[in-house]
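Residue-level listing of the chains:
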Amino acid sequence: MRSLTTKLILAFLLVGVIGSLLVAAFINTRTRAEFERFLLDRRRTQLTEQLVTYYQEHGSWEGVEDLIRRARQHGPPSVLLDRVFLLGKDRQVIVAPRARPGRPPLQLRNADLAIPIKVDGDVVGWLAIDAPRFFAPTLSPEAVFRDRVRQAAILSALAASLLALLVGVFLARSITKPVRELTAATRALADGELGRQVEVRGRDEIAQLASAFNRMSADLARSNQLRQQMTADIAHDLRTPLSVILGYTEALSDGKLSGSPRMYEAMYGQAQQLSRLVSDLRILSLADAGELSLNRAPVQPRELLARVAAAYQGKAQEQGVTLEALPGPDLPAIEVDSTRMDQALGNLVSNALRYTPPGGRITLSAELDPHGMEVGGEVREAVTLKVMDTGVGIDEADLPLVFERFYRGDRSRHEEGESGLGLPIVKSLVEAHGGRIAVHSAPGEGTTFTILLPIDRRWSGLG
């Protein structure tokens, strides 16, 4: 059963149905018993009057068996007249019920409940019906009938309440146990025990909450681990160029070294590395805060790719790698910040150049995505930009992590002069434009980065 709401509804429905059935069963049982008792009292009164008349007419109980036999024959079987005892005034049995064949004679068990038969104020006999105690004679059958029905209603209400209590206790325990576990885990999480997990039972709303908590706790633990790793990596990447610059400047200050163009060039290169790292960190921090400014303007995808290819053509030729932007079909314009997208595509091309050996190929292409992408709850047309290389590829274990900051994998980083933030910056810039990025690769088969960007039909120009 999936829904906690359904469980609660069914539980309350079950309690209501069982309570109603109990009330109906109790009232039905008591009503039948009290109605039969009412009939019995009436027949008893009638039989008593007939016995009084018989004694007045005959002066004794001789032959009274015929009167009682006729009463048994004409009375309804449910009023127990087949269990009538007639006693003399000395309480000796005069007439007793006939025993069934093969069974012992019936004995009067409730002689104290016999009612007197009076003629002219004198007791001449006693009439007893050996019925259960709830058929005992009373002076007011109607009042007893009402009392018994009321008792049946009270008993059934108590039974239904007890059942509701039992069901409520079971339901409360089943609900509060995972809630208590979640509460304890939340407190542990607040105390710094990141990664705390709780057991997931079933598939209802509480189980979904437990699953969400487990994911959140795991994500927090991973984020904290990445934050600590990122802090260590930043310190490492800052320390290396600073150590070089401080070493040279200290040697120059102490006169141990004399300045030279080569030394100044090395110091300048390290300063540039520091500047790039600070710039990359600033871009990521602005993207995380949602404050990355974008100067959007319509641009043709082919022009965007051609401009990036031209910027890296010289470096590609130096490495003996073929770099080209395919002409492709005419596409609608996309509204992007050209500078930011140049940086994103440039990082991908630079990354491809680092891992594509001489004789390899890097290809940039653009095409209309056949499925489009969802933006703001609606599906819009989209353009796919691809950067494909024939390089060494990425291990399968590294693929989900290549966009992590400072992740040190064989393919995603790390070379001298690189901050290790290139791919995370690409992801942040693409997402800032409302797009998505994915990577597909296999070792020795090259890598393909795919960027999906929505089309704004306000710009209808075609390339």
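Definitions and cut-offs
- Residues numbered from 1 in each chain as written.
- Predicted model: local features only at pLDDT ≥ 70, side-chain atom pairs only at ≥ 80, totals over all residues.
- Heavy atoms only, no water.
- Helix = DSSP H or I, 4+ residues; strand = E, 2+ residues; numbered from the N terminus.
- Buried < 20%, exposed > 50% of the residue type's maximum accessible area, 1.4 Å probe, protein only.
- Areas by Shrake-Rupley, 256 points an atom, 1.4 Å probe, with all protein chains shown as cover.
- Expected span 1.5 Å × (residues − 1).
- Core = buried A, V, L, I, M, F, W, Y, C linked by side-chain atoms within 4.5 Å.
- Contact = heavy atoms within 4.5 Å.
- Patch = residues over 30% accessible without salt bridge, like charges linked within 9 Å, V, L, I, M, F, W, Y side chains within 5 Å.
- Salt bridge = Lys/Arg side-chain N within 4 Å of Asp/Glu carboxyl O.
- 1 Å grid on protein atoms, 1.4 Å probe; cavity = no way out; pocket = protein on both sides within 12 Å on 5 of 7 lines; lining within 4 Å.
- Points joined across faces, edges and corners; volume = space filled by probe spheres on them.
- Nonpolar A, V, L, I, M, F, W, Y, C, P; charged D, E, K, R; others polar.
- Pairing = 2+ DSSP bridges.
- Axes fitted to C-alpha atoms, helices over the stretch in contact; angles between N-to-C directions.
- Phe/Tyr/Trp six-rings, centres within 6.5 Å; stacked < 30°, edge-to-face > 60°.
- pLDDT = per-residue confidence, 0-100.
- Left-handed = near helix turned anticlockwise from the far one by under 90°.

We now examine the overall build of the protein. Check the secondary structure of the protein and you find nine helices and 13 strands. For the protein, with 463 residues in total, the buried portion stands at 36%. Summing over all exposed atoms, the protein offers an accessible surface of approximately 26400 Å²; the carbon and sulfur share of this is 55%.

Attention now goes to helix H5 (residues 261–288). End to end, H5 covers 40 Å across 28 residues, agreeing with the expected 40 Å (1.5 Å per residue, within 8%). Considered for burial, the residues of H5 that qualify are Met263, Met267, Gln270, Gln273, Leu274, Leu277, Asp280, Ile283, Leu284 and Leu286. With its phi angle positive at about 70 degrees, Gly290 sits one or two positions after the end of H5.

Counting 45 residues, the largest nonpolar core has Leu345, Leu348, Ile362, Leu364, Leu385, Ile437 and Ile451 as its most contacted members. Per element, the largest residue contribution to this core is seven residues, and it comes from helix H8 (residues 338–355). Setting aside chain neighbours within four positions, we find Ile451 in contact with Leu345, Leu348, Val383, Thr384, Leu385, Val430, Arg436 and Ile437. Listed in part, the 18 residues of the second largest apolar core include Val52, Leu86, Val119 and Leu127.

A cluster of nonpolar residues, Leu10, Leu13, Val17 and Leu21, forms a patch on the protein surface that exposes about 360 Å² of accessible area. The topology assignment puts Leu21 in helix H1 (residues 4–58).

Right, let's talk about empty space enclosed by the protein for a bit. This model, assessed by the stated rule, comprises two cavities of 30 Å³ or more. Estimated volume of the second largest cavity: approximately 30 Å³. Lining of the second largest cavity is provided by Pro178, Glu199, Val200, Arg201, Ile206, Ala207 and Ala210. Among the elements that take part in the lining of the second largest cavity, helix H4 (residues 205–254) stands out by supplying three residues, more than any other. Here the residues of the lining of the second largest cavity are counted per class, giving five nonpolar, no polar and two charged.

Moving on to the sheet that holds strand S12 (residues 436–441). With respect to topology, five strands assemble into an open sheet ordered S6-S8-S11-S13-S12, the strand pairing being mixed. Two strands in the sheet have a free side with no partner beyond their single neighbour: strand S6 (322–325) and S12. Each strand of the sheet is rotated relative to its neighbour by a mean of 15 degrees, with strand direction disregarded. Summarising the sheet, strand S11 (residues 382–389) and strand S13 (residues 447–454) pair through eight bridges and their orientation is antiparallel. From the neighbouring strand, Met388 faces S13, where its bridge partner is Thr448. Here helix H9 (residues 422–432) sits on the sheet in contact with S12 and S13, set at roughly 140 degrees to S12.

Turning next to the sheet that holds strand S3 (residues 115–119). If you trace the four strands from one edge of the open sheet to the other, you get S2-S1-S4-S3, paired in antiparallel fashion. The open sheet terminates on both sides in strands that have one partner only, identified here as strand S2 (93–95) and S3. The mean angle between the axes of side-by-side strands here comes to 35 degrees, regardless of whether they run parallel or antiparallel. Judged from the two bridges that link them, strand S1 (residues 84–88) and S2 form a sheet pairing that is antiparallel. Its bridge partner lying in S2, Leu87 is registered against Val93.

A word on the packing of aromatic side chains. Scanning all chains against the criterion turns up two aromatic pairs. Look at Tyr55 and Trp61: their rings are 4.9 Å apart centre to centre, the planes differ by 50 degrees, and that puts the pair in the tilted class. Relative to Phe449, the ring of Phe403 has its centre 6.2 Å away and its plane inclined at 80 degrees; by these criteria the two rings are edge-to-face. Placement of the pair is Phe403 in the loop between S11 and H9 and Phe449 in strand S13, with a sequence separation of 46 residues.

So, about the confidence of the model for the protein. Residues with a pLDDT of 70 or more make up 80% of the protein, whose mean pLDDT is 78. Low pLDDT (under 50) marks residues 459–463, which in the prediction has 15 contacts with non-local residues, meaning those over four places away or in another chain.

Here the focus is the packing of H5 against H9. At a closest axis distance of 10 Å, the pairing of H5 and H9 adopts a crossing angle of 35 degrees. Crossing hand, H5 versus H9: left-handed. For the pair H5 and H9, the contacting residues are Asp280, Ile283, Leu284 and Ala287 in the first and Pro424, Ile425, Ser428 and Leu429 in the second. Residues belonging to the contact of H5 with H9 are distributed by class as follows: six nonpolar, one polar and one charged.

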